[in-house]
Amino acid sequence: MKQNPTLNVDLTEQETCGVRKTLGREPNKIEWGMLDIMFSEHCSYKSSRPLLKGLPSKSKRVVVGPGYDSGVVDVGDGYVVAFKVESHNHPSAIDPYNGAATGIGGIIRDILCTNCRPIALLDLLRFGDLKNKHCRWLFKHVVRGIAEYGNSTGIPTVAGEVSFDNSFETNCLVNVACVGVGKRGKLTLARMDKPGDYVVLVGGSTGRDGIRGVTFASKTISEESEFDRPAVQIGDPFAKKVVIEATLEAAETGFVRGIKDLGGGGLTCALSEMSNKGGTGVEVDLGKVHVREEGMTPLELMLSESQERMVFVVEPEGLKQVLNVFDRWELPHSVIGRVTETGKVVVRLSGKTVAELPSKILAEPPIIRRRALMPRKHMELWRVIKPKQPKNLTNIVYRLLSTPNIASKEYVFQQYDHEVGIRTVVKPGEADAAVLRLLETDRAIAVKADCNSRFCYLDPFNGHAGAVAEVARNVVSVGAEPIAVVDGCNFGNPEKPEVFWQFSEAIRGMVYMLRGLRLPCVGGNVSFYNEDEGSGRAVKPTSIVMMLGLIENLNWISTMAFKQPGNLIIVVGRTYPEMGGSVYYNEIHGIASGKPPRALVEKEKGSINTVKQSIREGCTRTVHDCSIGGLAVALALMAVKGGLGARVNIDKVPKAGVKRLDELLFSESNARFVLAASENNVDKIVRFAKRNGVPAAVVGEVENSNHLSIFNREAKVIDCLVDRMQKVWSHAIPKLMGEIC
Amino acid sequence: MKVAVVRFPGSNCDLDVLYVLRNVLKVDANLVWHRSFSHNDFDAVFLPGGFSYGDYLRAGAIASHSPSLPTVRKMAEEGKPILGICNGFQILIEAGLLPGALLRNSCLRFVCKWVSLVAENDRTAFTQLLQRGSILRMPVAHHEGRYVNDEEGLRELEENGRVVFRYVDESGKATEAANPNSSMNNIAGICNKEGNVLGLMPHPERASEPILDPCGKTDGLLLFRSMLEFLRSR
Amino acid sequence: MRSFIVEAVIENKPLAKDPEGETVYRDLITKSGYEAVRGVRSGKYLRLTVEAKDADEARDLVSKMFNDLRIFNPVVHSCRITVRMNVE
């Protein structure tokens, strides 16, 4: 039921009045339909734009900042990297396979708009408890959808993160990111700059996908049964692959001035945004659109969300050449209109103008200032009754390794072709981030995304500042310099002040850490209304931060596995008793409350610079950022990956305020790394740390044994077998999913 | 010496193979659109991996009707080296240039991981530089890689040394655990009677540079260099 | 109790895209000159052997099971079930 049932739109009273006033007349039915979709939160970002503007978005390397389909940064040697994150939460919750697949389809298109070749995908997922059948069903089919679509298009899915929490039980999160590479001089933008240019619609034919029969009073649609139309679109990765190759080849002609993909809001959104950005107008003849179904109305044509479609803006002299490329690839296309200088989107059919609206009204709906109010009981979430320390800590380590949030995600990434393209130098599971070499240069990029939803719920400011910090640490761990981020925000209903408070605190936290680390945010996505209709339970606030790092010397590439017996183990950064939101508290003790770790710029800078210098001076090639599960799990995974044991004195770990052993082992404090280095390099590392104002201490030694032995002074408190740890860690998720190991 | 890499709609690994041929092996390699692969002035041809025609109907089924196949057949008859990698292997089988069939992996999932292979035939156009019995490491990445054939077909392959690569564990044993897709007899790659047409599921182009190999080796490159050796001696 | 053969064909809903069917039609059949063929839809076929009192019971059982076990997703698939006597 629409907010304004008379006009059949979701615009508020204020918005409809505003439109009439600006336009100076009453819009017709088709125009209302176009406004309806452009004023939706999904297309307009009207609730979030005012706050998103506060994110730092400039740096020397930024070529294209927020506001376009992808952010673009310069990586040297004449190359640029485009990247973006998108969400497809609601479709995936009801049709996980097609929802996730078309999510991948959409994000690939965003990168294509810049004329960069998509070279990597990331999947960022949140599900409920895997003991729940419905959650397992969602998990299984989301992964399958991403796998089949990504693999088919030949783009490797190289990194990602999956985590589990009850708040995502019915509202799973499916965020996907894509990275592309191209030449700076050949960059295109989603803009219509020059009147006279042709507008060409390319790709899949247009049908009634994405249009709900009940929404539009159209005779043809009401004849069809609601049940004959799927609620989620179906993607065609083969068509997408052809679109990718044809797009890049068409852009090579030099006559393509702008490219935009058709996603949410279909043709309406693409035409409005492109003409608005270019300060021009556009006129299209709907009769020229190549269609899949008969008798589509103008509104249906303007709102269809049929997949695998792109819009090209082509210089007149090159039109024939560009169309030839599409013919060779057997890609359906139609020349549907031209760029004008009217500043309006003019829609014609059968010789008549059926809609005419200024691009600006469509593309820049007025913002809505929402109220942010901290929930009265929020600070009560920080109260906790500390649990008794378990006697058998060895057992706790095995249990943590087998909890889905920490367990191996091989079940997921083995279904993704992560090697296609022969760029993947550091593969999934080997380190804290993936590393892709840039062919024909001597450099590589690192990509990773992170967000601890539990931290973000307990303290949205610190949780999100921490997300930026953690993902910066992730790329530094593989030898990269962090250079830019994009963020995928997932929240509940923004009309509720408590939810909007979470959102504004999240942005505040990200601004704090981005400014402190001097990093720009070059784009992102906001998904609101992720809540359960019945219970009103919203997902835990989750703004996933994806980091792009640059590695200018391939010799700096590092991974987390212990490599050499005799290497000394060093912990950089201080551990605090910050247990709130930790996997240890949640999974072992069932405690969901507590204060999560603080994220402080100076501490992060100190640790990050220490590790950067250590890597560049050749002091270490074994680095792991310490996060969920704390130091014990970090050490365990470094041992498991290397197939080597270690002997560690946990009492040597730099700490403050920590009085309990379990807190020292499992605290998830920020700004910490674990390194392994040969004896003669240790002094240098400790000196770098001192210079950067952070503590660093040798805590142990890598051994050629099957034991991870952790001592507290003289007492051995943990003795885990490396092969047993490997087994419980890698079998946990396949077992839960009932799959053959 | 000129070699061709045929590109079908949906091919993904064409650029990867081309990169290895041009940048690592340094040969004159051309990317040829399948509809344009009609003239016969190439010394070898590669059918790369990917999802030609989306793998719709059956992997390689639609591509096997491509107008490029008659030229490929002619080159095969002339004894020129022809390598089908992954989807390329599927196309060669669908086109009848190699026997048997490639079905869905028994685990019903796409599998992407590094595997060990034993080289059992060192006389094909792509294995002359390999030692019989040597173990190579290469990645597989496929959904439909399970090799099947009837009893007679399998016997013909085994008795005539036409099984070129077999999935094995690190010690060289052809175990069930080492078989990523449950192929019959752990078969990973086979050749034709003459030994100039080879099809395999693993991707040698992904194991041709030390930076991409977790162990820093270049086992995949041996297949490409063997081809050069074969052509030089013709 | 009698034995029935229940055949289920699961397809994408009638008005949904069917990339596989479209590609087989466009890139294989029409390109090979079979003009009499006007369209192709793809689907999955399952044949179940079911013990039931009568055909209706067999059909109901299979329908319910398909929904419970999510053998097809009603959000995107349509499912056609036919029942016949098992004469083997």
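Residues numbered from 1 in each chain as written. Chains lettered and ligands numbered in written order. Predicted model: local features only at pLDDT ≥ 70, side-chain atom pairs only at ≥ 80, totals over all residues.

**Details of the interface of chain C and chain B**
Thinking step 1. Between chain C and chain B, the contact holds seven residues from the first and six residues from the second.
Thinking step 2. Its residues placed into classes, the side of chain C that touches chain B shows three nonpolar, two polar and two charged. (Contact = placed C-beta atoms within 7 Å. Nonpolar A, V, L, I, M, F, W, Y, C, P; charged D, E, K, R; others polar.)

**Here we look at the interface of chain A and chain B**
Thinking step 1. Facing the 22 residues of chain A at the interface are 23 residues of chain B.
Thinking step 2. Listing elements by their share of the side of chain A that touches chain B, those giving two or more residues are helix H7 (133-152) and helix H9 (237-252) of chain A.
Thinking step 3. At four residues, the largest contribution of residues to the side of chain A that touches chain B is made by H9 of chain A.
Thinking step 4. The residue makeup of the side of chain A that touches chain B, split by class, is eleven nonpolar, seven polar and four charged. (Helix = DSSP H or I, 4+ residues; strand = E, 2+ residues; numbered from the N terminus.)

**Brief notes about the sheet that holds strand E22 (residues 645-649) of chain A**
Sheets are built from strands that pair by backbone hydrogen bonding, the pairs being arranged parallel or antiparallel.
Residue and element names in this part refer to chain A.
Thinking step 1. Here seven strands make up an open sheet; going across it, the order is E21-E23-E20-E24-E22-E25-E26 and the pairing mixed. The open sheet has two edge strands, strand E21 (622-625) and strand E26 (715-721), and neither has a second partner. Averaged over all pairs of adjacent strands, the angle between strand axes in this sheet comes to 20 degrees, irrespective of strand direction.
Thinking step 2. Here strand E20 (residues 568-572) pairs with strand E23 (residues 673-677) via five bridges, running antiparallel. Of the residues in E23, the one forming a bridge with Leu568 is Ala677.
Thinking step 3. On the sheet, helix H23 (residues 679-691) packs against E20, E23 and strand E24 (696-703) and is oriented at approximately 5 degrees with respect to E20. (Pairing = 2+ DSSP bridges. Axes fitted to C-alpha atoms, helices over the stretch in contact; angles between N-to-C directions.)

**Quick notes on the sheet that holds strand E9 (residues 163-168) of chain B**
Residues and elements named next belong to chain B.
Thinking step 1. Within the open sheet, the nine strands sit side by side as E2-E1-E3-E4-E11-E10-E9-E6-E7. Their pairing is mixed. In this open sheet, the two edge strands, each paired with only one partner strand, are strand E2 (28-33) and strand E7 (135-142). Within the sheet, the average angular offset between the axes of one strand and its neighbour, ignoring direction, is 25 degrees.
Thinking step 2. Judged from the eight bridges that link them, strand E6 (residues 111-119) and E7 form a sheet pairing that is antiparallel. Paired with Lys113 across the strands is Val140, a residue of E7.

**Considering helix H1 (residues 19-29) of chain C**
Thinking step 1. Those residues of H1 of chain C that sit buried are Pro19, Glu20, Glu22, Thr23, Val24 and Asp27 of chain C.
Thinking step 2. Here the buried face of H1 of chain C lies against H9 of chain A. (Buried ≥ 20, exposed ≤ 12 C-beta atoms within 10 Å, placed from the backbone.)

**Things to note about the confidence of the model for chain A**
Thinking step 1. Across chain A, the average pLDDT comes to 94, with 97% of residues at 70 or higher.
Thinking step 2. In this model, residues 213-224 of chain A is a region of pLDDT below 50 whose contacts with residues beyond four sequence positions or in other chains number 17 contacts. (pLDDT = per-residue confidence, 0-100.)

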